[in-house]
Amino acid sequence: MGYKVAVAGATGNVGREMLNILAERGFPADEVVALASRRSQGTEVSYGEQTLKVKVLDSYDFSDTDICLMSAGGSVSKEWSPKIGKQGCVVIDNSSAWRYDADVPLIVPEVNADAIVGFAKKNIIANPNCSTAQLVVALKPLHDRAKIRRVVVSTYQSVSGAGKEAMDELFTQTRAIFVSDPVEAKKFPKRIAFNVIPHIDVFLDDGFTKEEWKMVAETKKILDPKIKLVATCVRVPVFISHSEAVNIEFESELTADEAREILREAPGCLVVDKREPGGYVTPHEAAGEDATYISRIREDPTVEYGLVMWVVSDNLRKGAALNAVQIAEVLVNRKLIQPKRQAA
Ligand SMILES: NC(=O)c1ccc[n+]([C@@H]2O[C@H](COP(=O)([O-])OP(=O)(O)OC[C@H]3O[C@@H](n4cnc5c(N)ncnc54)[C@H](OP(=O)(O)O)[C@@H]3O)[C@@H](O)[C@H]2O)c1
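Conventions used here
Residues numbered from 1 in each chain as written. Predicted model: local features only at pLDDT ≥ 70, side-chain atom pairs only at ≥ 80, totals over all residues. Heavy atoms only, no water. Pairing = 2+ DSSP bridges. Helix = DSSP H or I, 4+ residues; strand = E, 2+ residues; numbered from the N terminus. Core = buried A, V, L, I, M, F, W, Y, C linked by side-chain atoms within 4.5 Å. Buried < 20%, exposed > 50% of the residue type's maximum accessible area, 1.4 Å probe, protein only. Contact = heavy atoms within 4.5 Å. Axes fitted to C-alpha atoms, helices over the stretch in contact; angles between N-to-C directions. Lys, Arg positive; Asp, Glu negative; His and termini not counted. Salt bridge = Lys/Arg side-chain N within 4 Å of Asp/Glu carboxyl O. Polar contact = N/O pair within 3.5 Å; in protein donor to acceptor, adjacent residues only side chain to side chain. Near = heavy atom within 4 Å. Nonpolar A, V, L, I, M, F, W, Y, C, P; charged D, E, K, R; others polar. Phe/Tyr/Trp six-rings, centres within 6.5 Å; stacked < 30°, edge-to-face > 60°. Patch = residues over 30% accessible without salt bridge, like charges linked within 9 Å, V, L, I, M, F, W, Y side chains within 5 Å. Areas by Shrake-Rupley, 256 points an atom, 1.4 Å probe, with all protein chains shown as cover. Expected span 1.5 Å × (residues − 1).

Draft legend 1. Region of interest: the pairing of strand 11 (residues 242-250). Two strands pair when backbone bridges link them, and strand 9 (residues 148-157) and strand 11 are joined in this way by eight bridges, in the antiparallel orientation. Bridging across to strand 11, Val-152 finds its partner in Asn-247. Sheet topology places strand 11 next to strand 14 (residues 306-313); eight bridges connect them, and they run antiparallel. Among the inter-strand pairings, Ile-248 is bridged to a residue of strand 14, identified as Leu-307.

Structure follows, in structure tokens:
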């Protein structure tokens, strides 16, 4: 007998991708349940060949469900994840609600799968921010070789990172500009079509944004608290996939050739790095793919031991849904949970 899995937020960008990925990877689920708000009750979503009718999260009983993949936003997760966890169902949450809780593991399976121990304290496991997930996948193998001291990262984040309404806003604004209609900004603070916005999430007292702070705090929790990191997070008019320009300073020498070899062998990474026009990956090509792509690897001549590189990944997949399903696979493959209905 297999597992019973609920996807909460199943009508959203991340939730729909979770259903696709569960089916694509043949996750050992006997039953998958799609949950969302009352607004979506009865609407249909696809899970492989099957069509699931959406049920309402508020009135769902989790007592015979093994895993809940949660992507319904921070406030929903704050309210519901502890209640679901108490019913013996492990929540793998995509919001930032639990990431910094000492009793909640924050996991990127290629990087720190062993940190999953202790998940049973709250029965909640957190997924990192999309920009952090792809960054740590690329940093980890280099850190293992030459110890990273400091990282400077600038992100180029797609609108799907802000949900389905944000994708609609880019589409609507782009169309409005072509037909000379007035352009309305609702979801973003300024026009996003044919523009870039150096502001994601709220501003903090020190002038950084919360998105930038998340990258610092999460890299420390997942990879190494000693790594110093500074980020500038920018929204760009791309539908899917985040890109990052990453400067890394190491404690010892690591050449670009060595880094390329290490990353070629690293789990979750794909190196595409030809020094010619088009010999690198752009967000358009990464959309719908699982890998974290690394291109433009070169030595930084301004520091003693430094590299610069370009990192691109599908934010809805490695940045969210794929990572969550990989965490569920860790639970299953390491036999950390058993299907409740088998135990009964
Ligand atoms: N997009 C990314 O790249 C990314 C990456 C990492 C993490 N995340 C996180 O994942 C979460 C979802 O993001 P998204 O991009 O999928 O957003 P989205 O496209 O706006 O979808 C939100 C989902 O949450 C559901 N929902 C909202 N309020 C609810 C409630 N009260 N009860 C039950 N379900 C409710 C919505 O259902 P209805 O259709 O019924 O409204 C919808 O299914 C957020 O926490 C986000 O921060 C996103």
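Draft legend 2. Looking closely at the nonpolar core. Counting 54 residues, the largest nonpolar core has Phe-62, Ile-84, Leu-142, Val-151, Val-246, Ile-248 and Met-309 as the members making the most contacts within it. It is helix 4 (residues 130-146) that contributes the most residues to this core, seven residues altogether. Once residues within four sequence positions are removed from consideration, Val-246 is found in contact with Leu-135, Leu-139, Val-151, Val-152, Val-153, Leu-307, Val-308, Met-309 and Val-311. Counting residues in each nonpolar core, the second largest holds 39 residues, with Leu-52, Ile-67, Ile-116 and Leu-322 among its members.

Draft legend 3. Structural context of the sheet that holds strand 2 (residues 29-36). If you trace the six strands from one edge of the open sheet to the other, you get 5-2-1-6-7-8, paired in parallel fashion. Looking at the sheet topology across the chains shown, the edges are occupied by strand 5 (55-56) and strand 8 (124-126). For strand 1 (residues 3-8) and strand 2, the ladder comprises six bridges, and the chain directions are parallel. Bridge pairing links Ala-8 to Leu-35 in strand 2. Sheet contacts for helix 1 (residues 13-24): strand 1, strand 2 and strand 6 (67-70); angle to strand 1, the most-contacted strand, approximately 155 degrees. Against the sheet, helix 9 (residues 317-333) engages strand 1, strand 6, strand 7 (90-93) and strand 8, with an angle of about 150 degrees to strand 7.

Draft legend 4. Just the environment of Cys-89, in detail. Within the fold, Cys-89 resides in the loop between helix 2 (74-86) and strand 7. A sequence separation of 34 residues divides Cys-89 from Asn-123, and the C-alpha atoms of the two residues are 6.9 Å apart.

Draft legend 5. How the structure looks around the side chain of Asp-314. Note that Asp-314 resides in the loop between strand 14 and helix 9. Comment: no salt bridge for buried Asp-314; closest opposite-charge side chain is Arg-317, at 4.8 Å. Within the structure, Asp-314 has its side chain in polar contact with the backbone nitrogen of Gly-288 (distance 2.6 Å). Non-local contacts of Asp-314, meaning those with residues more than four positions away in its chain, are made with Ile-240, Ser-241, Ala-286, Ala-287, Gly-288, Glu-289 and Gly-319.

Draft legend 6. The arrangement of the site of the ligand in detail. Taken together, the neighbourhood of the ligand is formed by 26 residues, with Thr-11, Val-14, Ser-37, Arg-39 and Ser-40 sitting nearest. At 3.1 Å from an oxygen atom of the ligand is found a main-chain nitrogen or oxygen belonging to Gly-9. Between Ser-160 and the ligand, the recorded distance is 3.0 Å, taken from a backbone N or O atom to a nitrogen atom. At the level of secondary structure, the elements contributing two or more residues to the shell around the ligand comprise helix 1 and helix 9. Here the residues of the shell around the ligand sort into nine nonpolar, 15 polar and two charged.

Draft legend 7. Looking closely at the packing of aromatic side chains. Under the definition given, this model contains five aromatic pairs. Their ring planes at 50 degrees and their centres at 6.4 Å tell us that Tyr-3 and Phe-27 sit as a pair that is tilted. Of this pair, Tyr-3 sits in strand 1 while Phe-27 sits in the loop between helix 1 and strand 2, and the two are 24 residues apart along the sequence. Note on accessibility: Tyr-3 and Phe-27 belong to one class, buried. Aromatic pair Phe-178 and Phe-194: ring centres 6.0 Å apart, planes at 80 degrees, arrangement edge-to-face. On the criterion of sequence distance, the pair formed by Phe-178 in helix 5 (residues 164-178) and Phe-194 in the loop between helix 5 and helix 6 (210-222) is long-range, its members being 16 residues apart. Summarising the burial analysis for this pair, Phe-178 and Phe-194 share the class exposed.

Draft legend 8. Focus on the environment of Val-136. In this structure, Val-136 sits in helix 4. As a C-alpha pair, Val-136 and Asn-323 span 187 residues in sequence and 12 Å in three-dimensional space. When near neighbours in sequence (up to four residues on either side) are disregarded, Val-136 contacts Val-108, Val-111, Thr-219, Ile-222 and Leu-223.

Draft legend 9. Region of the structure containing a nonpolar patch on the surface. On the surface, a nonpolar cluster with roughly 350 Å² of combined accessible area is contributed by Phe-178, Val-179 and Phe-194. Relative to the elements of secondary structure, Val-179 occurs in the loop between helix 5 and helix 6.

Draft legend 10. Local environment of helix 6. For helix 6, with 13 residues, the first-to-last C-alpha span of 18 Å sits near the 18 Å given by 1.5 Å per residue. Among the residues of helix 6, Glu-211, Glu-212, Lys-214, Met-215, Ala-217, Glu-218, Thr-219 and Ile-222 are the ones counted as buried. Here the buried face of helix 6 lies against helix 3 (109-112), helix 4, strand 9, strand 10 (228-235) and strand 11.

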